[in-house]
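Remarks on the overall topology
Listed below are the residues making up each chain.
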Amino acid sequence: MPKIFNYKNFNKGSIVVANKISGLIKTKGKLNEKCVLGLSTGSSPIKTYSELIKMHKKEGLSFKNVVIFNLDEFYPMKPNSQFSYHKFMFNKFLKHIDIQKKNVNIPKGDISNKEIRNYCENFEKKIDNLGGIDLQLLGIGTNGHIGFNEPGSNISSMTRKVEISNHSRLVLSKDFKSIDNVPKNAITMGVKTILKAKKIILIAWGKTKSEIIRKTLKEKINPLVPASYLQNHKNTEFILDNDSSSYL
Ligand code: GLP
């Protein structure tokens with residue numbers, strides 16, 4: 001079962017997560033090894049990223065040995081679109097640190113339908129060739145999705161093109177102004193891709209996440225709540241605040 005940590009608010013929790021990530025980067029650095037991070041978009045990790053940027057600017061934390069793989073990207077989506085997860089990652093995190101461009105892997109939303117299968121297979125291979133993801137950071141959708149593995153996703157799913165649920169499109173419509181502007185598809189790491197990570201940290205803040213956090217942790221594993229698959233992962237931590245943990 002995942003270990004559960006509860007903090008007073010998201011500021012405190014995000015500092016803890018940033019410290020765990022920087023600790024791993026430094027440990028790997030001392031061993032002269034690459035640190036392979038799986039990263040997430042959404043509002044939940046923004047404060048963690050800003051803490052890591054602070055550590056880079058004030059304490060000299062270097063990301064030269066870091067390779068990142070992002071969970072997902074809308075499809076179709078141009079990387080330079082204001083709505084893309086590429087833009088999000090560069091603006092909120094990557095352009096402020098010294099990561100090498102060749103070490104940034106975010107699923108591409110601007111490839112043709114025909115290329116997707118090969119592209120996804122190569123994405124998986126790239127992760128495997130580096131020895132797997134050392135630490136995967138996750139948020140959670142209010143319907144229990146992880147990445148864009150929506151309710152009904154299979155435990156053995158790999159990186160692939162998926163449909164975004166109406167529930168998620170409605171939640172996302174606040175960023176896109178209208179639900180009609182929200183893409184219907186995405187490319188996402190699969191449940192299996194996520195479960196292969198050596199360590200997973202799921203973060204959830206606020207009252208809107210309390211019910212899905214309860215279902216994820218307190219009910220039986222259920223494909224309709226994809227995050228519940230994490231119950232069987234050997235090294236997963238849930239970092240919560242008082243609100244998101246209030247139904248546990
Ligand atoms: C998005 C992303 C997920 C993210 C989730 C939660 O749609 N595809 O990877 O974890 O929704 O977002 P938030 O952190 O804003 O609640």
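Positions within a chain are numbered from 1, following the residues in the order the chain's sequence is written. It should be noted that, the model being predicted, local features are given only for residues of pLDDT at least 70 and side-chain atom pairs only at 80 or more, the latter also being counted only at that level, while totals for whole chains, interfaces and linings use all residues. Hydrogen atoms and water are omitted, and side-chain values are computed over all heavy atoms in the structure.

Examining the packing of aromatic side chains
For any two aromatic rings, the description comes down to two numbers: the centre-to-centre distance and the angle of the planes. Only centres within 6.5 Å qualify two rings of Phe, Tyr or Trp (six-membered ring in Trp) as a pair; their planes then separate them into stacked at under 30 degrees, edge-to-face at over 60, and tilted for everything else. Taken as a whole, this structure holds nine aromatic pairs when the rule is applied. With centroids separated by 5.7 Å and ring planes inclined at 85°, the aromatic side chains of Phe-63 and Phe-93 adopt a geometry described as edge-to-face. With Phe-63 in the loop between helix H2 (46–59) and strand E3 (66–70) and Phe-93 in the loop between helix H3 (85–92) and strand E5 (104–105), this residue pair connects regions lying 30 residues apart in the sequence. Considered together, Phe-63 and Phe-93 belong to a single accessibility category, that of buried residues. Taking NZ or CZ as reference, Lys-20 lies 5.0 Å from the ring centre of Phe-5, over its face. Strands are runs of DSSP state E lasting at least two residues, helices are runs of H or I lasting at least four, and both sets are numbered from the N terminus onward. Summary of the burial criterion: residues with accessible area below 20% of their type's maximum are buried, those above 50% are exposed, and those between are partly exposed, where the area comes from a 1.4 Å probe applied to protein chains only. Placement of a positive charge over a ring is assigned whenever Lys NZ or Arg CZ falls within 6 Å of the ring centre and within 35 degrees of the normal to the ring plane.

Let's talk about the sheet that holds strand E10 (residues 236–241)
What the seven strands build is an open sheet, ordered E1-E10-E9-E6-E2-E3-E5; its pairing is parallel. Single-partner strands in this sheet number two, and they are strand E1 (3–7) and E5. Pairing between strands requires that DSSP locate at least two bridges from one strand to the other. Judged from the two bridges that link them, E3 and E5 form a sheet pairing that is parallel. Counterpart to Phe-69 in the pairing with E5 is Asn-105.

Quick word on the packing of H2 against H3
Helix axes use the C-alpha atoms of the stretch in contact, all axes being lines fitted to C-alpha atoms, and the angles between their N-to-C directions lie in the range 0 to 180 degrees. Two numbers describe how H2 lies on H3: the axes approach to 10 Å, and their chain directions differ by 40°. Relative to H3, the element H2 lies oblique. Together, Ile-46, Tyr-49 and Ile-53 of H2 and Phe-88, Met-89 and Lys-92 of H3 make up the contact between the two elements. Each angle gets one of four labels, with under 35 degrees taken as roughly parallel, over 145 as roughly antiparallel, 65 to 115 as roughly perpendicular, and the rest as oblique. Only heavy atoms enter the contact rule, under which two residues are in contact if any of them lie within 4.5 Å.

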